[in-house]
Amino acid sequence: CKDEDIGRFTLVQGKVLSSSDTPLSGAIVYLEDGKTNSIRSFISTADGTYHFGQLANDTDYQVWARYRDIKSDTRGISSYDSRPKVVINLRIKTK
């Protein structure tokens, strides 16, 4: 990574949690690129963590998770958000 590249990319990370704040392992987290509508996915780790790196900071994104056919709310990441790291925890309404 070159010095001039710092600030050009955004990292999105967080956890997938149940209604009772228990981390959900194996949830599929989706990230949709607002320019191309392409979708990337990540399977949450044992502690519910997910991450997407090297996201263009001039693009809007949508992120959501699915666990056992239950979908979280969709959260947006704005191209106007200048933070190099955005933390979004996704909650799945479990029974």
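Look a little higher up for the structure.
Presented here is a report on the structure given in the accompanying data block. (Residues numbered from 1 in each chain as written. Predicted model: local features only at pLDDT ≥ 70, side-chain atom pairs only at ≥ 80, totals over all residues. Heavy atoms only, no water.)

Regarding the environment of Asp69
Inference 1: Structurally, the position occupied by Asp69 is in the loop between β5 (61–67) and β6 (70–71).
Inference 2: For Asp69, a relative accessible area of 70% corresponds to the exposed category.
Inference 3: Distance in space between the C-alpha atoms of Asp69 and Thr36 is 26 Å, their sequence separation being 33 residues. (Helix = DSSP H or I, 4+ residues; strand = E, 2+ residues; numbered from the N terminus. Buried < 20%, exposed > 50% of the residue type's maximum accessible area, 1.4 Å probe, protein only.)

Regarding the environment of Thr94
Inference 1: Tracing the backbone shows Thr94 in the segment after β9 (90–91).
Inference 2: In this structure, the C-alpha to C-alpha distance between Thr94 and Asp73, residues 21 residues apart in sequence, is 13 Å.
Inference 3: In contact with Thr94, not counting residues within four places along its chain, are Ser18, Ser19 and Leu24. (Contact = heavy atoms within 4.5 Å.)

Digging into the pairing of strand β2 (residues 28–33)
Inference 1: Residues Val29, Leu31 and Asp33 point to one face of β2 and are all buried, whereas Ile28, Tyr30 and Glu32, pointing to the other face, are not buried.
Inference 2: Taking the residues between adjacent antiparallel strands as the criterion, β2 and strand β3 (residues 39–43) are bridged by five residues, where Asn37 takes a positive phi near 65°.
Inference 3: For β2 and β5, the ladder comprises six bridges, and the chain directions are antiparallel. Residue pairing across strands places Glu32 opposite Gln62, the latter belonging to β5. (Pairing = 2+ DSSP bridges.)

What about the nonpolar core?
Inference 1: Val16, Val29, Tyr50, Val63 and Ile77 are the most contacted members of the largest nonpolar core, which has 18 residues in total.
Inference 2: Within the residue set of this core, elements represented by two or more residues are β1 (9–17), β2, β4 (49–56) and β5.
Inference 3: Tallying contributions element by element places β5 first for this core, with four residues.
Inference 4: With sequence-adjacent residues up to four places away left out, Tyr50 is seen in contact with Val12, Gln13, Gly14, Lys15, Val16, Val29, Phe42, Val63, Ile88 and Leu90. (Core = buried A, V, L, I, M, F, W, Y, C linked by side-chain atoms within 4.5 Å.)

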